[in-house]
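Remarks on the overall topology
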Amino acid sequence: MRNEVYRDDWGIPHLRAPGIGQLAHAQGRNAALDRAWQIEVERHRVQGTTAAFLGADALEWDRFARRVRLDDTARRCFERLERVAPRTADWVLSYVDGVNAGLTEGAGRAPEFAAAGLAPGSWRPWTPLGVWLSTHILFAGFPTKLWREEVARRLGDDAIELFATDGPGTSGSNGWLVTPERTATGAPIIAGDPHRFIEDPGVYQQIRLACPEFDVLGLAVPGVPGLAHFGHTGHVAWAITNAMADYQDLYRERLRRTPAGDVEALGPDGWEPAAAHTETIDVAGADAVTVEVVETGRGPVIIGGPDTGEEAVSLRHSPRVTGELGFDTLLAMLRSRTVAELDTALDRWVEPVNVVLAADTAGATLHRVAGHVPVRPHENRLRTVPAWDAAYTWRDRRAPMPRADVRGAAVMANQRGIAAPLGIEFAPPHRADRIRELLDESAHWTAKDMANLHMDTHLASARPLLGLLEEVAVPGPQAVRLRERLLRWDRRMDADSTDATLYAALRAEVVHRLAAHPAFAPLNGAAHSDPYPDLFRPWLATVPRIAYALEGLLTGAGGGPLTHAERLAVVAGAVERIAGEDVPRPWGEVHRLAPWQALPGTHPGETWPGLAGDHDCVLSTSSVPGVTDHSARGPAARYVWDLARREDSLWVVPLGASGIPGDAHHRDQLPLWARGELVPVVTDWNLLHREEENPR
């Protein structure tokens, strides 16, 4: 039996091979053919070499990737995998061989290579591990600790709690599981949607992987073998959301240069040698840049250095410390036939830390957290801590991973729940509460019904602002009409709603007024404080941080510097400011998709669709209030896993199965995704189209 490639009517690849190694090779080759530009950009991001073809705009990422030692950490993790799980290492190697086998042909199909003047390179054995690290290194949001440090420095330690609360800055994915007694088929259903930055091509790839040992379909991360986050084996299905756990620490480091030019760091036992070397970053259209890479006993230094005269900051995270990334979990997940087997496999998961929902055809269910959270003091989770104080060192054990029983239904939406002991900031409960409310409306759920939940636009987080609006006295007939109109609004962020646009305008104005208020004005300028690299500026910008903390600031939750009267005055001023503006356009005209592209401008004239939803809706199409109404983050896929009949499962991605501009399947799912429709999963090989060895 040869490797076989089939596709359905949407161009989704179904790969079949005589063995696990051959199948991994086929998956790697398919990634190279369908997503060559995407995965090569990811390889260069791991290495910190993107500025060589993307120019100076990519320099800050490259500098960070070098300093945090992404590629070297991936190499360490792969070497450990070779020692402790050689079969998994061979599986990864087969995938890499497949990528290298298809990359030249794939690059020939992708016009971005010529536009950027880039030739395809060669993948190393650890490159997939590096792609995984690169994709998730900022996932736990360690730069938020830099923001809290600035809050403490500028407003006092007590103010940290104002910005260490639940808010949409940490919003992410939805997922829910309905147990057999509440479905029409008597079998479980799992559904949801991961919310990430929408990328072009998409961060998730629909794919099927079949060999004599397993036949699994799901959502793959291009450049990484297997189906880590979302999959259905025909026997057991799983899905994840970000657990919002805190598992990366920042240490304040005191560094010095010795007379010989070496670097030393002050540790708990005094001054100790730090590893240091210099690397050169090539920059297209500009001079090359050198960067000193320093690593202390805590971890790589990512801010500052020995010659600045200021304290530096190092990052400590589990893969760098232990050499474990959890890749030996991936193959075990594909082989799982029951919830119990999947549960055992997840015990080896490392990063990122996820909440998992799973169910099997026998009706068993699973709701647990999976990952590696180091045990250390609470202060480590909240802010940067001194490297020279032994009180803040990691203890040699992992925090236990919480779990819960599933009764009727389980919902995960990044809210405080079973993962609460592991984190600081979580998403507000609005999405989770709304999903539960909608699930309670029926005891006969089907897979097709789930699309209605995906697209729900009710915005519960509007309540605090509208509550103040109800109290406030506003001058003038225009302001009165505005106030009355918003108080009648159904709180749905529908694409055709002008009331939704009006609410968003009021919210943005309130955010700006709060950011300019004397109580918070000292925070302005934090984003441009030395020695923070530009990469971390978004976490340090005052307006987005005020926007993300808006609910708490308007309700006075956790105290805060504003009195109720001052909050009313802010809202009154915002109403007066926007009352005289023209009649707003429908929300979908201003709330447009704005995906990230590594090489913007390669598709001139392309128009992205308007969207319904908002960051705290179940349809979480996130914008940044006060900054933009455009949506750069939202459902990076939608899925429904039916455990009664896998062929009744459904899925969709924002763009299409192909990453090749001009391909028939490059954008064909976009209209469906925008409308909330899903594509049927095809499992019958006879209904698929056999692809020749050199298609197209």
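How each quantity is defined
- Residues numbered from 1 in each chain as written.
- Predicted model: local features only at pLDDT ≥ 70, side-chain atom pairs only at ≥ 80, totals over all residues.
- Heavy atoms only, no water.
- Helix = DSSP H or I, 4+ residues; strand = E, 2+ residues; numbered from the N terminus.
- Axes fitted to C-alpha atoms, helices over the stretch in contact; angles between N-to-C directions.
- Parallel < 35°, antiparallel > 145°, perpendicular 65-115°, else oblique.
- Contact = heavy atoms within 4.5 Å.
- Nonpolar A, V, L, I, M, F, W, Y, C, P; charged D, E, K, R; others polar.
- Pairing = 2+ DSSP bridges.

A separate point is the environment of V571. Tracing the sequence through the fold places V571 in helix α22 (residues 564-579). Sequence separation of V571 and Y251 is 320 residues, and the distance between their C-alpha atoms is 40 Å.

Two elements in contact, helix α17 (residues 477-488) and α22, have axes whose closest approach is 9 Å; the angle formed by their N-to-C orientations is 110°. One way to sum up the angle between α17 and α22 is to call them roughly perpendicular. Only V575, I578 and A579 of α22 make contact with α17, whose side of the interface consists of Q478, A479 and L482. Looking at the contact of α17 with α22 residue by residue, the class counts come to 5 nonpolar, 1 polar and no charged.

What follows covers the pairing of strand β22 (residues 628-635). Here 3 bridges tie strand β5 (residues 195-197) to β22, and the two strands are oriented antiparallel to one another. Residue pairing across strands places R196 opposite G634, the latter belonging to β22. The pairing of strand β21 (residues 622-624) with β22 spans 2 bridges and is antiparallel. If you follow V624 over to β22, its bridge partner there is T628. Counted between consecutive antiparallel strands, the loop separating β21 from β22 contains 3 residues, among which G626 sits at a positive phi close to 90°.

This part takes up the sheet that holds strand β7 (residues 214-220). Pairing within the open sheet is mixed, and its 9 strands lie in the order β18-β17-β9-β8-β7-β6-β2-β1-β26. The sheet terminates laterally at β18 (365-370) and β26 (689-691), the two strands that pair on one side only. Across the sheet, the axes of successive neighbouring strands diverge by a mean angle of 20°, strand direction being ignored. Note: β7 against strand β8 (residues 230-232), 3 bridges, orientation antiparallel. Directly across from G218, in β8, lies its bridge partner G231. Sheet strands in contact with helix α1 (residues 20-34) are β1 (4-7), β2 (13-16), β6 (205-211) and β7, and its direction is about 155° off that of β6.

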